[in-house]
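So you can see what is in the structure, the chains are spelled out below.
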Amino acid sequence: MANHATEPTPSKQAHTTRTVSGDWSDRDIAIVGGGICGLTAAVALEQRGHSPTVYEAATEYRPVGAGILLQTNALLVLDRLGLADAVCAAGTRLDGGGLRSPEGRFMTRFDLDGVERREFGYGFVAIHRADLQRILLEELDTDVRTGMDCVGVDGTESPVVHFEDGTTVRPDILVGADGIHSTVRDAVAPDVDPRPLDGVAYRALVTLELPEAYRTQGFEIWGDGAYAGGSPVDEDRFYWFATAPEPLTADDAAPETVEAALRDHLAGYPEPIPAILDGLDPAELVVTGLEDLPSLPTWSRGRVVLAGDAAHAMLPFAGQGAAQAIEDGLGLADTIDTYGSHERAFAAYEGERKPRADRVRAESRRLGRLGTMQSTLGCRLRNAVIDGIPDAAIRRVRRRQAAGTSLPNSTP
C-alpha cells in the first residue's frame, strides 16, 4: 500500500494572519490565472490580510490532469502556508528513487531519508494536480471567478484587464499567473514566445496494482531518444510520462494505435514500464510538445507583475515547474506585505526570485537536451558519466537543492 502518512516536520511554522504594512490593505489585487501559482499567491496574500480576486479561464475546476512531484523546497513553502500536512496526506510520500538505464540497472539512487527528511523535515511527495488545487481552494475565502478568459491588458500604470465575456476590471495591482501562453505577459514583455525543444511528451495517470518496489518509489529511465519514468500518487494510481523525438502517430490516430506505438517505442524497457502500458487507457493520454520560455528582461512593468509559468515556464526535466510557481506565490505575497509601494515590492520580488528561477529553467533545458539525446553512442557516454558520479557529490547537490540554493533532482 502507498504511504499516506504525514511526514515528520521538526521545524514547522504555524501560519498566521499578519497585519498589512504600508497602505496596501485596501488595494484591489487581481490575479489572472487560477492554477497552482495563482492559488498559492492568493492563499499567501489572504493570510497577510489582503483580499485578492482570482480570475480563472476554465469554467469550473474539474479533477483532470496528471501528477505533480513536489520536492522539498515546495513542501517547505507549503509548510509556511500551513498546508504541508494536507498535501502529504493527499499524496504519496516517496521513500526514494533513482536513474536507470534502459536495461534496468540503477545508475544512481536517491534515499530521501538520508538528506531531505533528516535535515529539512520533508522529502518528496507525488500528488494529483487536482488534489493540490482542491487543498489550495479550500484554504481560500478569496473570490475565485471561473470562466474568465483574459484576452488583453491595456496599460501598466493603470492596467485595464479585458475578458472574453466583455468584462473589464481595473485593479490597483495585476498579477499574471496565466501560464506559458500568458496574455498578461504581453503587457510586461511583449513579443516573447515559447521556444520548443525537439520532442513530444506523453503523460497519463494509470490505475494499476503496482509492484511492491514502486509503491513509494519514483524512477527515471534514460534511453536513446526515449526518456520515461514516474511516481505513485496514491494507492492504485501511478503518474507516468515518456518522451519521443517526434509524435509517434498522427494527431487523429485511434487510441489503440497510440498505445501500440508507445509499446513499440518503449520495447525492452524494464518494469514497471510494461505494467504501466498494460494498465494504460490511451484515451487518458495527455500529449504535448516540449517548450519553455527564454529568460525575460523583466518580470514587472508598472503595476503588472508576472509569476509562475507566465514568467519562467520551464521544461519538465528538473521536476521544478510547480515548485518554482509555489515559491513565486509566497515570494510575491511576502514582498507586497513588506514594502509600501508596488515599485519596491516588485523589485524585491524579482531580485529574489528571478535569478533562481532562471537558473532552474536553464538547467531544465540542459537536462532536456541530455534526456532526449538521439545518439546511441552519446547516450552510452552520458549514462556512463552519470554512473560514475560519486554518491557524496550527489548528496552535496541534494542538500543545496533542498535548501533552495541549487537545482533539485531531475524528474518530470
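Scope of this entry: the structure provided in the associated data block. (Residues numbered from 1 in each chain as written. Predicted model: local features only at pLDDT ≥ 70, side-chain atom pairs only at ≥ 80, totals over all residues. Heavy atoms only, no water.)

**With respect to the sheet that holds strand E18 (residues 300–301)**
For step 1, the next point in the chain: Strands sit in the order E8-E2-E1-E12-E19-E18 across an open sheet of six strands; the sheet is mixed. Sheet topology places strand E8 (144–145) and E18 at the edges, where each strand pairs with a single neighbour.
For step 2, the next point in the chain: Strand direction decides the pairing type here: E18 and strand E19 (residues 304–306), joined by two bridges, are antiparallel. Looking across to E19, one finds that arginine 301 is bridged to valine 304.
For step 3, the next point in the chain: Taken strand by strand, helix H11 (residues 342–371) contacts strand E12 (173–176), E18 and E19, and its axis lies near 15 degrees from that of E19. (Pairing = 2+ DSSP bridges. Helix = DSSP H or I, 4+ residues; strand = E, 2+ residues; numbered from the N terminus. Contact = heavy atoms within 4.5 Å. Axes fitted to C-alpha atoms, helices over the stretch in contact; angles between N-to-C directions.)

**Considering the packing of helix H1 (residues 36–47) against helix H10 (residues 321–338)**
For step 1, the next point in the chain: Here H1 crosses H10 at 30 degrees, and the two axes come no closer than 8 Å. The angle between the axes of H1 and H10 places the two elements in the roughly parallel class. Two packed elements cross with a definite hand, and for H1 against H10 that hand is right-handed. Side by side, H1 and H10 meet where Ile36, Cys37, Thr40, Ala41, Ala44 and Leu45 of the first sit next to Ala322, Ala325, Ile326, Asp328, Gly329, Leu330, Ala333 and Ile336 of the second.
For step 2, the next point in the chain: Of the residues assigned to the contact of H1 with H10, the class counts are 11 nonpolar, two polar and one charged. (Parallel < 35°, antiparallel > 145°, perpendicular 65-115°, else oblique. Left-handed = near helix turned anticlockwise from the far one by under 90°. Nonpolar A, V, L, I, M, F, W, Y, C, P; charged D, E, K, R; others polar.)

**Some details on the sheet that holds strand E11 (residues 168–169)**
For step 1, the next point in the chain: Taken together, the three strands give an open sheet; going across it, the order is E9-E10-E11, and neighbouring strands pair in antiparallel fashion. Single-partner strands in this sheet number two, and they are strand E9 (150–154) and E11.
For step 2, the next point in the chain: Here strand E10 (residues 160–163) runs beside E11; their pairing, made up of two bridges, is antiparallel. Considered in E11, the bridge of histidine 162 is made with threonine 168.

**Structural notes on the pattern of salt bridges**
For step 1, the next point in the chain: For the structure shown, the criterion picks out 17 salt bridges.
For step 2, the next point in the chain: For arginine 353, the salt bridge identified is with glutamate 327, shortest N-O distance 2.7 Å. Of this pair, arginine 353 sits in helix H11 while glutamate 327 is found in helix H10, placing the two residues 26 residues apart along the sequence. Here arginine 353 matches glutamate 327 in class, with each residue buried.
For step 3, the next point in the chain: The partner of arginine 353 in a salt bridge is aspartate 328, and the shortest N-O contact between them spans 2.7 Å. (Salt bridge = Lys/Arg side-chain N within 4 Å of Asp/Glu carboxyl O. Buried < 20%, exposed > 50% of the residue type's maximum accessible area, 1.4 Å probe, protein only.)

**Quick word on the side chain of serine 182**
For step 1, the next point in the chain: Mapped onto the fold, serine 182 is located in the loop between E12 and helix H6 (185–188).
For step 2, the next point in the chain: A distance of 3.2 Å separates a polar side-chain atom of serine 182 from the backbone nitrogen of valine 184. (Polar contact = N/O pair within 3.5 Å; in protein donor to acceptor, adjacent residues only side chain to side chain.)

**A word on the environment of leucine 45**
For step 1, the next point in the chain: Checked against the element boundaries, leucine 45 lands in helix H1.
For step 2, the next point in the chain: Those residues in contact with leucine 45 that sit more than four places away from it in its chain are Ile29, Ile31, His50, Pro52, Ala333 and Ile336.

**Considering the packing of aromatic side chains**
For step 1, the next point in the chain: Counted according to the given criterion, the structure contains eight aromatic pairs.
For step 2, the next point in the chain: Consider the rings of tryptophan 299 and tyrosine 349, whose centres lie 5.6 Å apart with planes at 55 degrees: the pair is tilted. Within this pair, whereas tryptophan 299 is found in the loop between strand E17 (286–292) and E18, its partner tyrosine 349 is found in helix H11, the two being separated by 50 residues in sequence. There is no split in this pair, since tryptophan 299 and tyrosine 349 are both buried.
For step 3, the next point in the chain: A connected cluster of aromatic rings, assembled from ring pairs, spans Trp222, Tyr227, Tyr239, Phe241 and Phe317.
For step 4, the next point in the chain: Cation over ring: arginine 100 sits above phenylalanine 106, and NZ or CZ is 5.2 Å from the ring centre.
For step 5, the next point in the chain: Over the ring of phenylalanine 106 we find arginine 109, and its NZ or CZ is 3.8 Å from the ring centre. (Phe/Tyr/Trp six-rings, centres within 6.5 Å; stacked < 30°, edge-to-face > 60°. Lys NZ or Arg CZ within 6 Å of the ring centre and 35° of its normal.)

**Side note on the packing of helix H2 (residues 72–80) against H10**
For step 1, the next point in the chain: Two elements in contact, H2 and H10, have axes separated by 8 Å at closest approach and are oriented at 35 degrees. Two packed elements cross with a definite hand, and for H2 against H10 that hand is left-handed. Contacts from Asn73, Ala74, Val77, Leu78 and Arg80 of H2 reach H10 at Ala323, Gln324, Ile326, Glu327, Leu330 and Asp334.

**A closer look at the pairing of strand E3 (residues 67–70)**
Here is the key point about a regular strand: its side chains alternate between the two faces of the sheet.
For step 1, the next point in the chain: By the alternation rule, side chains of E3 split into Gly67 and Leu69 and Ile68 and Leu70, which are all buried.
For step 2, the next point in the chain: Bridge analysis of E3 against strand E7 (residues 124–128) gives four bridges, and the strand direction is antiparallel. In the sheet register, leucine 70 faces E7, and the bridge partner there is valine 125.

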